[in-house]
Amino acid sequence: MADSQSHPQTQFDAKPGTRVWLITSAFSALGYAVAREALKFGDYVVAGCRREEVELERRAGIAQNYDGGSEDVKSIQSLKSLGGDSCAVVELDVRNIALCQSALAETIHIWGRIDVVLNCNSETYAGTLEELHPNHILAQFESTYFGPVNMMKSALPYLRKQRGGHLVNVTGLTGLMGTPALSARCASDHALEGFCDALAYEIAPFNIKVTIVQPPIEVKYLIFPPSPVFTYIGQRIDSILSSPLHLQPSLQPAYNSPSHPFNTIKNILSSTSQPDNILSETVSIIMSIAALENPPGRIVVGNEGIEQVKDRVKTVSEELEEFLDASLGADIPGG
């Protein structure tokens, strides 16, 4: 747990018209940006951070010129400065259900309720299937599937009791379609989205909402502070994408299609758009849907993502029609 100065000690009820947020990865690019925006709006934020981030803050107090995580330290201090008593920083690793439960209990203890749980973990393992060690795949699921499930399971008793709340899970288009070199992340995002679709029916009678947010691929790999991680993933994907150039000539046209996943990733890696703009658009959407009485079950961020989803739906529809006779042939006539 963070030290005694990391959160307010006096319990008080949150003001009417405001929201209480619990952000599971508050010092990822997206989590930090949402936390700042929520505090500016006048909401209350519980910022989850891992033990090493708390340790960075303590070490910075001892060594002014500490370089290893100076930007991380600055972000923690900045949130506290911006939010004052409206911001609490707690130790939270969603892979540990006990920490999920303690973070929820701390939120309720301080403000008496919780309105929005934002799962925005960004850990990603990149590489072809042959390159991925089984431990990498397990680690991917622990972070981006079992982690959010732990968080939602821990939150539900409180949300049921208060008869309302909003679970917001950030996945990406990797939760809807396959993306080269990101098979492990696609698998965990697909699993989480299927889980949320089923969960939404279970908790609807309690006025608890579930929303899946699918931002552009860049948002998930941005780290705050900027790190070599995104560059490394980009380099790995770029090297993997060179393989289609050696395909048989008959297969080349498919890879030349602008909507093919290989070319989609290439466009992202060579894009000149500013990551900050993409990030701000995602934050704006999250803030908007969190304020809705009836939020969407799933929302795509950005025009490029919308076009990809449309292409995906079109492809599924065309395949369904093409093999309709074969599908209907599986029906057993009534006796």
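Preceding this paragraph is the structure being described.
Residues numbered from 1 in each chain as written. Predicted model: local features only at pLDDT ≥ 70, side-chain atom pairs only at ≥ 80, totals over all residues. Heavy atoms only, no water.

Examining the overall build of the chain
Move 1: A count of helices and strands for the chain gives 13 helices and seven strands.
Move 2: Put simply, the chain has 335 residues, and 48% of those count as buried.
Move 3: Look at the contacts in the chain between residues 6 or more apart in sequence, and 75% of them connect residues 24 or more apart.
Move 4: Total accessible area on the chain stands at roughly 16800 Å², and carbon and sulfur atoms take up 55% of it. (Helix = DSSP H or I, 4+ residues; strand = E, 2+ residues; numbered from the N terminus. Buried < 20%, exposed > 50% of the residue type's maximum accessible area, 1.4 Å probe, protein only. Contact = heavy atoms within 4.5 Å. Areas by Shrake-Rupley, 256 points an atom, 1.4 Å probe, with all protein chains shown as cover.)

Thoughts on the pairing of strand β2 (residues 44-49)
Move 1: β2 sits mainly inside the fold: six of its six residues count as buried.
Move 2: What you see with β2 is no split at all: Y44, V46 and G48 on one side and V45, A47 and C49 on the other are buried throughout.
Move 3: Across four bridges, strand β1 (residues 20-23) lies against β2 in parallel orientation. When the sheet's bridge partners are listed, L22 is paired in β2 with V46. (Pairing = 2+ DSSP bridges.)

With respect to the packing of aromatic side chains
Move 1: The final tally for this structure, using the stated rule, is five aromatic pairs.
Move 2: Where F27 meets Y32, the ring centres are 6.4 Å apart and the plane angle is 35 degrees; that geometry is what we call tilted. With respect to class, F27 is no different from Y32; both count as buried.
Move 3: Summarising the aromatic geometry, the rings of Y145 and F146 are spaced 4.9 Å apart at their centres and angled 75 degrees between planes, so their arrangement reads as edge-to-face.
Move 4: With relative accessibility at 44%, the residue F146 sits in the partly exposed group. (Phe/Tyr/Trp six-rings, centres within 6.5 Å; stacked < 30°, edge-to-face > 60°.)

As for the pattern of salt bridges
Move 1: By the definition in use, this model includes nine salt bridges.
Move 2: E123 is the partner of R50 in a salt bridge, and the nearest nitrogen-oxygen pair spans 2.6 Å. Here R50, found in the loop between β2 and α2 (51-62), pairs with E123, found in the loop between β4 (116-119) and α5 (134-162); they are 73 residues apart in sequence, far enough to count as distant.
Move 3: Note that R298 and D197 form a salt bridge whose closest N and O atoms lie 3.2 Å from each other. On the criterion of sequence distance, the pair formed by R298 in strand β7 (residues 298-300) and D197 in helix α6 (residues 183-203) is long-range, its members being 101 residues apart.
Move 4: You can call D197 partly exposed: its relative accessible area is 36%.
Move 5: Look at the salt bridges and you will find they share partners, linking R50, D93, R95 and E123 into a network. (Salt bridge = Lys/Arg side-chain N within 4 Å of Asp/Glu carboxyl O.)

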